[in-house]
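# An overview of the molecular structure
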Amino acid sequence: MFSCRQIYDLITEYDEGGLTESGRRQFEQHVVICPPCRGFVSQMRATRERLGQDAPTFPVELEESIVNAFRSWKEKGS
Amino acid sequence: MEAAGVTRVLDAETTSRTTATHQPAPDRHTGPDERALLAMLRAGDEEAFRRLLAELGPVMLRVAGTYVRDKQVAAEIVQETWIAVLGGLDGFQGRSSLRNWIFTILGNCASRRAQSETRSAPVSSLQGAGDDELNRFFEANHPRWASCWTTINTRWDALPENALTTAEAQAAITEKLKALPPTQCAVITLRDLEGWSSEEVCTMLGLTPENQRVLLHRARLALRRAFEEVLDDERIAS
Ligand SMILES: [Zn+2]
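Residues numbered from 1 in each chain as written. Chains lettered and ligands numbered in written order. Predicted model: local features only at pLDDT ≥ 70, side-chain atom pairs only at ≥ 80, totals over all residues. Heavy atoms only, no water.

### A closer look at the overall build of chain A
Counting its regular elements, chain A contains 4 helices and 1 strand. Put simply, chain A runs from its N terminus to its C terminus through helices and strands in the order α-α-α-β-α. The C-alpha atoms of chain A give 23 Å as radius of gyration, which overshoots the globular expectation for 78 residues (12 Å, by more than 25%). Principal axes of the C-alpha set define a box for chain A whose edges measure 70 × 25 × 15 Å. When the 78 residues of chain A are sorted by exposure, 49% land in the buried category. Counting only contacts in chain A whose residues sit at least 6 apart along the sequence, the fraction spanning at least 24 positions is 51%. Total accessible area on chain A is roughly 3700 Å²; 49% of this is exposed by carbon and sulfur atoms. (Helix = DSSP H or I, 4+ residues; strand = E, 2+ residues; numbered from the N terminus. Rg over C-alpha atoms; globule rule 2.2 N^0.38 Å. Buried < 20%, exposed > 50% of the residue type's maximum accessible area, 1.4 Å probe, protein only. Contact = heavy atoms within 4.5 Å. Areas by Shrake-Rupley, 256 points an atom, 1.4 Å probe, with all protein chains shown as cover.)

### A word on the packing of aromatic side chains
As enumerated under the stated definition, the model contains 11 aromatic pairs over all chains in all. Both rings, one in Tyr8 of chain A and one in Trp149 of chain B, keep their centres 6.0 Å apart while their planes meet at 80°; by these two values the pair is edge-to-face. One end of the pair, Tyr8 of chain A, is in helix α1 (residues 4-15); the other, Trp149 of chain B, is in the loop between α6 (98-116) and α7 (167-179), on a second chain. By relative accessible area, which is 6% here, Trp149 of chain B ends up buried. A ring pair is formed by Tyr14 of chain A and Phe27 of chain A, whose centres lie 4.2 Å apart and whose planes are at 10°; its orientation type is stacked. Of this pair, Tyr14 of chain A sits in helix α1 while Phe27 of chain A sits in helix α2 (residues 21-33); the two residues are 13 residues apart in sequence, bridging distant segments of the chain. Among the aromatic residues, ring-to-ring pairing joins Tyr8 and Phe40 of chain A together with Phe137 and Trp149 of chain B into one connected group. Lying across the ring of Phe137 of chain B, Arg5 of chain A places its NZ or CZ 5.5 Å from the centre. (Phe/Tyr/Trp six-rings, centres within 6.5 Å; stacked < 30°, edge-to-face > 60°. Lys NZ or Arg CZ within 6 Å of the ring centre and 35° of its normal.)

### Things to note about the interface of chain B and chain A
The interface of chain B with chain A comprises 67 residues on the first partner and 47 residues on the second. Of the roughly 5200 Å² buried between chain B and chain A, counting both surfaces, carbon and sulfur atoms make up 62%. Notably, a salt bridge pairs Glu63 of chain A with Arg50 of chain B, separated by 3.5 Å at the nearest N-O pair. No other element matches helix α10 (residues 209-237) of chain B, which puts 10 residues into the side of chain B that touches chain A. Along the lines of polarity and charge, the residues of the side of chain B that touches chain A split into 28 nonpolar, 20 polar and 19 charged. (Buried area = accessible area lost by both parts, 1.4 Å probe. Salt bridge = Lys/Arg side-chain N within 4 Å of Asp/Glu carboxyl O. Nonpolar A, V, L, I, M, F, W, Y, C, P; charged D, E, K, R; others polar.)

### Here's the deal with the domain arrangement of chain B
When the parts come together, some accessible area is lost, and that loss is often what is quoted as the size of the interface. All names here are of chain B. The domain architecture assigned to chain B consists of domain 1 (31-118) and domain 2 (156-237). Each of domain 1 and domain 2 has a C-alpha centre, and the two are 24 Å apart. The interface is formed by 9 residues belonging to domain 1 together with 11 residues belonging to domain 2. For the pair domain 1 and domain 2, the summed buried area comes to about 1100 Å², and 65% of that belongs to carbon and sulfur atoms. Along the contact surface separating domain 1 from domain 2 lie 1 salt bridge. Taking the shortest distance from any N to any O, the salt bridge between Glu194 and Arg62 comes out at 2.6 Å. (Domains from an automatic or database assignment.)

Here's what the structure looks like:
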């Protein structure tokens, strides 16, 4: 059976599907009976989900400026 | 000649545009293959160029932002990178993938600028989470609670919907990402903010899968902790 410390160390490996069959089972068996680890697992999941909502922004002026560089590169080449 | 374009973007930061939906770069899987794309770019196909820019631009800006603290300098790095890409496009041999090549150039531009920029925070204070959380566990030889949590860890799936989208939480993300070691920041940015697969990130950054996973783990722990601090502050305040 894993300790809480091991859950902390292994959670990303678990999420990434890197644990063996038996490792995965031990991980789940621990988490299901351990409230602090259930809390920790939910916190890591909420963190990931929140990061996924962080909309990427790209300044429109930067985009235009780079497209302009493309246009002058094109003119120079032809 | 390129300098004019670089200075123009200095004013760009005030108005930024949010892309419509958060999708992991669709062109990587469904767009034209590399060779076709390269031919289109060399032929001066502006639409193809715009698509590539839309795909890579935001993540390039984020990665550049991990090298330098100044947002405008990060924008300049992205601009410089694309100018270098265009300059090298005709001679590009295709030994690495086009996108990998672009990110290599980005890394070179960014390191050069990072060296000339005086960092305001000492590098030694920029370590990720991990070791500083050891006090959250009882000692391994504790008679009763060996390697158990010393903290309760409340569940976050029951939080009000907006608890992690406050201005404080947003600022915490930005600050924590900046404080991470650059490779950790690049990994979590690509994986969790941009939704790339681990294979894609390994290829892009030249990491082994194990390495990638360790960096991702440390970065996620650091961000979890940042959110925890925000939530604790709110709890104390209320
Ligand atoms: Zn536990």
